[in-house]
Amino acid sequence: MSRNKLLLVLLSSSLLAGCAADYLNNYDTMTLASGDSQKANQLLQTVDPYNPASNNTKIESDGARSVGVVQKYKLPPAPTPTTNMTVNVGPAGTQ
């Protein structure tokens, strides 16, 4: 067999194997969404499933508050100062 014929056979077999790969991805397993067909059908029938407030594009906040939140997230809070104080708690009236 010549080298060209061998390359042609390898190329055609690899192309055919690529078509069969999708067929092999079918599994007999269940997913986490199994059994939600009634809920999915109900959502398909809903006229407007979105929250009415989602159409509001005016953000009612300022940038300074957002910057404060981001800085609080990035920087850990300062540790509380430790004191060397001992507190004895016991029943009243005992000496």
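Conventions adopted
- Residues numbered from 1 in each chain as written.
- Predicted model: local features only at pLDDT ≥ 70, side-chain atom pairs only at ≥ 80, totals over all residues.
- Heavy atoms only, no water.
- pLDDT = per-residue confidence, 0-100.
- Helix = DSSP H or I, 4+ residues; strand = E, 2+ residues; numbered from the N terminus.
- Patch = residues over 30% accessible without salt bridge, like charges linked within 9 Å, V, L, I, M, F, W, Y side chains within 5 Å.
- Areas by Shrake-Rupley, 256 points an atom, 1.4 Å probe, with all protein chains shown as cover.
- Salt bridge = Lys/Arg side-chain N within 4 Å of Asp/Glu carboxyl O.
- Expected span 1.5 Å × (residues − 1).
- Buried < 20%, exposed > 50% of the residue type's maximum accessible area, 1.4 Å probe, protein only.

### A few points about the confidence of the model for the protein chain
Here comes step 1: Averaged over every residue, the pLDDT of the protein chain is 78; residues scoring 70 or more account for 85%.
Here comes step 2: Model confidence for the protein chain, summarised as mean pLDDT per element, is weakest for helix H1 (residues 3-20) at 80 and strongest for helix H3 (residues 63-74) at 87.

### Overview of a nonpolar patch on the surface
Here comes step 1: On the surface, a nonpolar cluster with roughly 290 Å² of combined accessible area is contributed by Leu-6, Leu-7 and Leu-10.
Here comes step 2: Relative to the helices and strands, Leu-7 is located in helix H1.

### What to know about H3
Here comes step 1: Here H3 spans 16 Å end to end across twelve residues, near enough to the 16 Å set by a 1.5 Å rise per residue.
Here comes step 2: Across the twelve residues that make up H3, only a small minority, zero, are buried.

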